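Observations on the model geometry
Letter by letter, the chains look like this.
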Amino acid sequence: MAAAYIGGRIPALVITFLAISVCAFLCEPIGRFAVHDADDLERLAALLVAGVIASVTIDGMNRARRAAERSFAIAHRGEERLSRMFLASPVAKSLSRLTDRRVVDVNDAYLRTFGVTYAEIIGRVPADAGITVGPESREQMMGQLRDDGELRDVEVQLISRSGETRWVLMSSHVIEIDGEALALSTFVDLTARKHAEQ
């Protein structure tokens, strides 16, 4: 603990030593420390104050940098965990921009449920990849999502790329990542249950 404290103060000691050395050089050409008049004393005081301010500033900047590095590491670990949970989920999930509905990411369950590949869906609106829903339903759901920030447990009939009708229980939540509003959506496949009910 004491070594860490002293180690953190080394810049202050070095800067103070340099300030005194510069002052000594300015005050006495031979290098011996001497104060000849009030001006020399003022210069010495100003250099010492500048040294202390600089050391405090450097120390504060180092602390802020270390705190930022710790925060970044914690956030990065949290982001990795969330990403793994998103991708490993057995429930179909998608992440799309709220502004233009273009898909940013999907998990494997989404690809299996809707019969598309990753390359076919990323950067596109689901309809461009062959996943369609009635236009009235789509506009109503998007309006509710924009107004309320969420959409919970809505039964939706979708047509997959292969033309197969799929019933899903859909939920979406608006989240913000890097300043961009995104819709995080889940799709629980109800198709087998719907066929069993008929």
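Placed above this text is the structure.
Below or above, wherever it landed, is the structure these notes cover. Being a predicted model, the structure only gives us computed values, none of them experimental. Residue indices follow the written sequence of each chain, beginning from 1 at its first position. In view of the model being predicted, local features appear only for residues whose pLDDT reaches at least 70, and side-chain atom pairs are presented and counted only at 80 or more, with totals across whole chains, interfaces and linings using the full set of residues. Based on all heavy atoms of the structure, the side-chain values leave hydrogens and waters out of the count.

Before going further, it helps to examine the nonpolar core. Among soluble globular proteins, nonpolar side chains are generally buried collectively. Nonpolar core, defined: a set of buried Ala, Val, Leu, Ile, Met, Phe, Trp, Tyr and Cys residues in which side-chain atoms within 4.5 Å join the residues together. Relative accessibility decides the category of a residue: with a 1.4 Å probe and only protein chains considered, values under 20% of the type maximum give buried, values over 50% give exposed, and everything between is partly exposed. In terms of nonpolar packing, the biggest core is built from 23 residues, with Tyr-110, Phe-114, Val-116, Ile-121, Val-156 and Phe-187 touching the most fellow members. Each helix corresponds to a stretch of at least 4 residues labelled H or I by DSSP, and each strand to a stretch of at least 2 residues labelled E; elements are numbered beginning at the N terminus. For this core, the secondary-structure elements that each account for two or more residues are β2 (103–106), α3 (108–114), α5 (135–148), β3 (150–159), β4 (165–177) and β5 (180–189). Of the residues forming this core, the biggest block, 4 residues, is contributed by α3. Whether two residues are in contact is decided by their heavy atoms: any pair within 4.5 Å suffices. With sequence-adjacent residues up to four places away left out, Phe-114 is seen in contact with Ile-131, Leu-158, Ser-160, Arg-161, Val-168 and Phe-187.

Turning our eyes to something else, we now look at the side chain of Ser-171. Within the element layout of this structure, Ser-171 appears in strand β4. From its side chain, Ser-171 meets the backbone nitrogen of Asp-153 in a polar contact 2.9 Å long. Look past the residues within four positions of Ser-171 in its chain and what remains in contact with it is Leu-151, Arg-152, Asp-153, Leu-184, Ser-185 and Thr-186. Pairing of N or O atoms within 3.5 Å defines a polar contact, subject to two protein rules: one partner must be a possible hydrogen donor and the other a possible acceptor, and residues neighboring in sequence count only if both atoms are side-chain atoms.

The subject of this paragraph is the sheet that holds β5. With respect to topology, 5 strands assemble into an open sheet ordered β2-β1-β5-β4-β3, the strand pairing being antiparallel. Looking at the sheet topology across the chains shown, the edges are occupied by β2 and β3. Strand-to-strand twist of the sheet, defined as the mean angle between neighbouring strand axes without regard to direction, takes the value 25 degrees. At least two DSSP bridges between two strands are required for those strands to pair. As paired elements, β3 and β4 share 8 bridges and run antiparallel to each other. Bridge pairing in β4 links Glu-150 to His-173. Axes here refer to lines fitted to C-alpha atoms; in helices the fit is confined to the stretch in contact. Angles between the N-to-C directions go from 0 to 180 degrees.

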